[in-house]
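Notes for the structure review
Given next are the chains, with one letter for each unit.
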Amino acid sequence: MSNLMMSGDFRECLSRIPDLDPELFLESCKRPLPEGFRINTIKSSEENVLKRLRQKGFVFEKIPWARYGYILRDGGELGKTLEHMAGLIYLQGPVSMAPVEVLDPKPGEIVLDLCAAPGSKSTQIAQLLENMGVLVANDVNHERIKALSSNLQRFGVINCVITLTDGRKYPRFARGFFDKVLIDVPCSSLGIISKNWGIAKSWSLGMVERLSRIQYQLLEAGFNCLKPGGVLVYSTCTLTVEENELVIDRLLKNYKNAKLEDIRLPSLKSRNGVVEWSGRRLNPDLEKAVRIMPYDNWAEGFFIAKIIKEVGGNEVNGYR
Ligand SMILES: C[S@@+](CC[C@H](N)C(=O)[O-])C[C@H]1O[C@@H](n2cnc3c(N)ncnc32)[C@H](O)[C@@H]1O
């Protein structure tokens, strides 16, 4: 990336990201992200679809951290294949498959995807539910809901309810209702910058602070929608502490029954969440969260935290 294309704010942004190697980061920004895909086992067997793709000359590798996930190595554009149009595969970045693996939905569970469009993770949740149980997929954006709806239909999902509302309002009608909740929030997208160079030009601390406030409100809403004993996964495709650890730290301060859990993702290179920031000590359990730099796996950068809502205890702790 040319220096001229970075705003002063963006230089400042890079210097604020813990452990970031700026040279490697800028190199990762120049590389196209690897194409990943998931086999849709709702519609066909994994073996059958792999055989079809091999016969068409596609070359791919299994992704160790995501069931049914593959990285495309050669063979052309998967997006133009019949398999894609018929919903036998879903194109999705390899690291983007990790948050749902951490959530680990099981057949029969009731799951909320609060910020769901265009549906990469909703289709993945539906697949792991094996069309049993219920998936509620919500988004606030009408245009993006159309893509979500068409992707779920193409994928053959029959156990999904789509809602169009501000996720922050969800506890008004679904408090304590869900076994599992995914909060894949809108973010400053530093982990997928090679897809959109505009991020580097328009980045500002004000934007990050604004996003951080919405992210906390969405996280709190999602947490309030969880049953006691339920599991919540919070994810972003960005690297700032304001949008990641500080959001989780605030929830842990406000809700005594929110506990971070360890995350295991085989062969995915990652580092622990930070527990100190700008002279401030954060909750030590934040080291259980994972931050994934784009150059760790030469794929997307992500942050993932897994939170359990403990049974019993005081829900609200301190300020709101
Ligand atoms: C990172 S994207 C989600 C990507 C999606 N989970 C996937 O894997 O395909 C964030 C989404 O949050 C939605 N969003 C933003 N503000 C929201 C709000 N207040 N309530 C619900 N959704 C919101 C955006 O419209 C956007 O679709």
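The following paragraphs examine the structure supplied in this document. (Residues numbered from 1 in each chain as written. Predicted model: local features only at pLDDT ≥ 70, side-chain atom pairs only at ≥ 80, totals over all residues. Heavy atoms only, no water.)

**Points about the pattern of salt bridges**
In a structure, side chains of opposite charge can pair up when their charged atoms sit close to one another. For clarity, the threshold we go by: Salt bridge, as used here: a side-chain nitrogen of Lys or Arg that lies within 4 Å of a carboxyl oxygen of Asp or Glu. Between buried and exposed lies partly exposed: a residue is buried under 20% and exposed over 50% of the maximum accessible area for its type, with that area taken using a 1.4 Å probe on protein chains only. Secondary structure counts use DSSP, requiring at least four H or I residues in a row for a helix and at least two E residues in a row for a strand, with both numbered from the N terminus.
Per the stated rule, a full pass over the model turns up 21 salt bridges. A salt bridge links Arg31 to Glu27, with the shortest nitrogen-to-oxygen separation between them at 3.4 Å. The exposure class assigned to Glu27 is partly exposed, which follows from its relative accessible area of 35%. A salt bridge links Glu101 to Arg67, with the shortest nitrogen-to-oxygen separation between them at 3.0 Å. Taken together, the positions of Glu101 in helix α5 (residues 98-103) and Arg67 in the loop between β2 (59-62) and β3 (69-74) put the pair 34 residues apart, joining distant regions of the chain. A single salt-bridge network, built from bridges that share partners, covers Arg67, Glu101, Asp104 and Lys106.

**Description of the site of the ligand**
We count it as follows: In these notes, residues near a molecule or strand are those with any non-hydrogen atom within 4 Å of it. The definition of a polar contact used here is a pair of N or O atoms within 3.5 Å, where within protein one atom must be able to donate a hydrogen and the other to accept one, and adjacent residues in sequence count solely through side-chain atom pairs. Here the accessible surface of atoms and residues is derived via Shrake-Rupley with a 1.4 Å probe, and residues count as covered only by protein chains that are part of the display.
Inspection of the region around the ligand gives 21 residues, with Asp139, Arg144, Asp166, Gly167 and Asp184 positioned closest. Between the ligand and the protein, one listed contact pairs an oxygen atom with a side-chain N or O atom of Lys121 at 3.0 Å. One of the side-chain nitrogen or oxygen atoms of Asp139 is found 2.6 Å away from an oxygen atom of the ligand. Isolated, the ligand exposes 610 Å² of accessible area, and the fraction of that covered by the protein chains is 86%. Elements with a minimum of two residues in the shell around the ligand: α6 (120-129) and β6 (134-139).

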